[in-house]
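Geometric and topological summary
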Amino acid sequence: MRWVLTVLILLMVLMTVVPWLTKFGLGKLPGDINFSIGRHRISIPLMSTLLIVVACYLIGRLI
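What you see is a predicted model, and the numbers here were worked out from it, not measured in a lab.

Before going further, it helps to examine the overall build of the protein chain. Scanning the protein chain from terminus to terminus reveals three helices and two strands. Sequence-ordered secondary structure for the protein chain, helices as α and strands as β, is α-α-β-β-α. Its C-alpha atoms give the protein chain principal-axis dimensions of roughly 45 × 25 × 20 Å. In the protein chain, buried positions account for 14% of the 63 residues. Relative to all contacts within the protein chain whose residues are 6 or more apart in sequence, the contacts with residues 24 or more apart total 26%. About 5,400 Å² of surface is accessible on the protein chain, with carbon and sulfur atoms providing 75% of the total.

Okay, the side chain of D32 next. By the element assignment, D32 lies in the loop between α2 (18–21) and β1 (33–37). Within the buried core, D32 has no salt-bridge partner, and the shortest N-O distance to an opposite charge, that of R41, equals 8.9 Å. Every residue in contact with D32, bar those within four places of it in the chain, is listed here: G27, I44, P45, L46, M47 and S48.

Let's shift gears to the pairing of strand β2 (residues 40–44). Looking along a regular strand, one sees side chains alternate from face to face of the sheet. Sheet topology note: the β1/β2 ladder contains five bridges and is antiparallel. Each bridged residue has a counterpart across the sheet, and for I33 the counterpart in β2 is I44. Linking two consecutive strands that pair antiparallel, namely β1 and β2, is a turn of two residues; a positive phi of about 65° is found at G38 within it.

Cut-off values and rules
- Residues numbered from 1 in each chain as written.
- Predicted model: local features only at pLDDT ≥ 70, side-chain atom pairs only at ≥ 80, totals over all residues.
- Heavy atoms only, no water.
- Helix = DSSP H or I, 4+ residues; strand = E, 2+ residues; numbered from the N terminus.
- Buried < 20%, exposed > 50% of the residue type's maximum accessible area, 1.4 Å probe, protein only.
- Contact = heavy atoms within 4.5 Å.
- Areas by Shrake-Rupley, 256 points an atom, 1.4 Å probe, with all protein chains shown as cover.
- Lys, Arg positive; Asp, Glu negative; His and termini not counted.
- Salt bridge = Lys/Arg side-chain N within 4 Å of Asp/Glu carboxyl O.
- Pairing = 2+ DSSP bridges.

This is the structure we're talking about:
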């Protein structure tokens, strides 16, 4: 149950830093959903989130 809470907190943090991460190409990968409604831009970085989670998992396994 603790890992679910950890993943949710990580996702919340990731969603807040998505505009900064777009400078590095994250949020623009195939599988990421970006659309605009009026003047509001909505980003759902599914593939970017998956890439970051896999990278964190691999780093955690190495440590």
